[in-house]
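Letter by letter, the chains look like this.
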Amino acid sequence: MQLIQETPDLSAYLAADEVIDHHHPLVRETAARLAQGVADSYEYARAAFEFMRDTIPHAQDSGDLRVTWRASDVLEQRTGICYAKAHALAALLRAEDIPTALCYQEFDVVHGLVAVRFHGAWHRQDPRGNKPGVDARFSLDGERLAFVPDPEAGERDHPVLYAAPHPAVLSALRAATDRPHLWRTLPTAL
């Protein structure tokens, strides 16, 4: 699949905003801790990915009813669904000047992940969190995502790389009173 930048301006994929708040002290502290002892930006990106995948539980898997959407809130509350974890990973990567996009897949509902830019190309990564049947890994040599769409079932990869969260996703996250409410309002397509 050919990934398409929403904007040709690469600096947009380094920007901070209300959601990807990489200037927040908790994001900065976490990024600094993860950067200790790594040799380069590639090792940092892998460390940040593994931190998000392995230490911040996916709210559905853990049974947590809270809904987070801002990167700093995901780190503080230590919970989030795919979108929130993607926002937090984007913030950690952008905090270390690694261009990071938000991207999506369409299943029964839209699934969120990120793409990182290394060696002049975008590489999608899925920090959702592993569980039986899900084995996502950081990779620049072929995708190791949590889920692979089945086109015959109407599932698909959405090719656009967004600099900010898709408005439909962000609207559902902000309006949700809890995770069960969120499940009823998640977008099914973009």
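Preceding this section is the structure that the text describes.
Residues numbered from 1 in each chain as written. Predicted model: local features only at pLDDT ≥ 70, side-chain atom pairs only at ≥ 80, totals over all residues. Heavy atoms only, no water.

Visitor: Could you clarify how one ought to interpret the overall build of the protein chain in this entry?
Guide: Across its full length, the protein chain holds 7 helices and 5 strands. Walking the protein chain from its N terminus toward its C terminus, one meets helices and strands in the order β-α-α-α-α-α-β-β-β-β-α-α. Computed over its C-alpha atoms, the radius of gyration of the protein chain comes to 15 Å, within 12% of the 16 Å expected for a compact globule of 190 residues. C-alpha extents for the protein chain along the principal axes are approximately 40 × 35 × 35 Å. Residues classed as buried in the protein chain amount to 51% of the 190 residues present. Taking the contacts inside the protein chain whose residues are at least 6 apart along the sequence as the reference set, 60% of them involve residues at least 24 apart. Summed over its atoms, the accessible surface of the protein chain is roughly 8600 Å², and 50% of this surface lies on carbon and sulfur atoms. Positive and negative side-chain charges in the protein chain, numbering 19 and 27 respectively, have mean positions lying 3 Å apart. (Helix = DSSP H or I, 4+ residues; strand = E, 2+ residues; numbered from the N terminus. Rg over C-alpha atoms; globule rule 2.2 N^0.38 Å. Buried < 20%, exposed > 50% of the residue type's maximum accessible area, 1.4 Å probe, protein only. Contact = heavy atoms within 4.5 Å. Areas by Shrake-Rupley, 256 points an atom, 1.4 Å probe, with all protein chains shown as cover. Lys, Arg positive; Asp, Glu negative; His and termini not counted. Charge placed at Lys NZ, Arg CZ, Asp CG, Glu CD.)

Visitor: I keep staring at the layout of surface pockets and nothing clicks. Help me out?
Guide: Using a probe with the size of a water molecule, rolled over the atoms, empty space left in the structure can be pinpointed. In this structure, the largest pocket spans a volume of roughly 350 Å³. Lining the largest pocket are 17 residues, with Phe107, Val109, His111, Arg128 and Phe147 sitting closest to its centre. Going through the elements one at a time, helix H5 (82-95) and strand E3 (110-118) are the ones with two or more residues in the lining of the largest pocket. Broken down by class, the residue content of the lining of the largest pocket amounts to 10 nonpolar, 3 polar and 4 charged. (1 Å grid on protein atoms, 1.4 Å probe; cavity = no way out; pocket = protein on both sides within 12 Å on 5 of 7 lines; lining within 4 Å. Points joined across faces, edges and corners; volume = space filled by probe spheres on them. Nonpolar A, V, L, I, M, F, W, Y, C, P; charged D, E, K, R; others polar.)

Visitor: Help me understand the nonpolar core, please; the structure alone is not making it clear to me.
Guide: The tendency in soluble globular proteins is for nonpolar side chains to be buried side by side. Core analysis: the largest hydrophobic core is formed by 46 residues, its most contacted members being Tyr44, Met52, Tyr83, Leu92, Leu93 and Leu102. At the level of secondary structure, the elements contributing two or more residues to this core comprise helix H1 (25-35), helix H2 (41-55), helix H4 (71-77), H5, strand E2 (100-106), E3 and helix H6 (167-175). Tallying contributions element by element places H5 first for this core, with 11 residues. When sequence neighbours within four positions are dropped, the list of residues in contact with Leu102 reads Ile20, Ala86, His87, Ala90, Leu113, Val114, Val160, Leu161, Tyr162, Ala164 and Pro165. (Core = buried A, V, L, I, M, F, W, Y, C linked by side-chain atoms within 4.5 Å.)

Visitor: Just checking my understanding: could you explain the sheet that holds E2 for this structure?
Guide: Strand-to-strand pairing in sheets goes through backbone hydrogen bonds, with the strands running parallel or antiparallel. The strand order across the open sheet formed by 5 strands is E1-E5-E2-E3-E4, and the pairing between neighbours is mixed. Looking along the sheet, the strands with just one partner apiece sit at the ends: strand E1 (4-5) and strand E4 (121-125). The sheet contact formed by E3 and E4 spans 5 bridges and is antiparallel. Counterpart to Arg117 in the pairing with E4 is Trp122. (Pairing = 2+ DSSP bridges.)

Visitor: Help me understand the pattern of salt bridges, please; the structure alone is not making it clear to me.
Guide: Per the counting criterion, the structure on display carries 12 salt bridges. For Asp64, the salt bridge is made with Arg66, and the minimal N-O distance between the two is 2.6 Å. Given the relative accessible area of 16%, Asp64 is considered buried. We classify Arg66 as partly exposed; its relative accessible area is 39%. (Salt bridge = Lys/Arg side-chain N within 4 Å of Asp/Glu carboxyl O.)

Visitor: Can you walk me through H6 in this structure?
Guide: One turn of an α-helix holds 3.6 residues; hence residues three or four places apart share an orientation. Those residues of H6 that fall on the buried side of the exposure criterion are Val169, Leu170, Ala172 and Leu173. Axial view of H6: buried residues confined to an arc of 160 degrees, hence all on one face. Of the exposed residues in H6, the ones pointing more than 90 degrees away from its buried face are Pro167 and Ala175. Looking at the buried side of H6, the elements it contacts are H5, E2 and helix H7 (179-185). (Arc of directions from axis to C-beta.)

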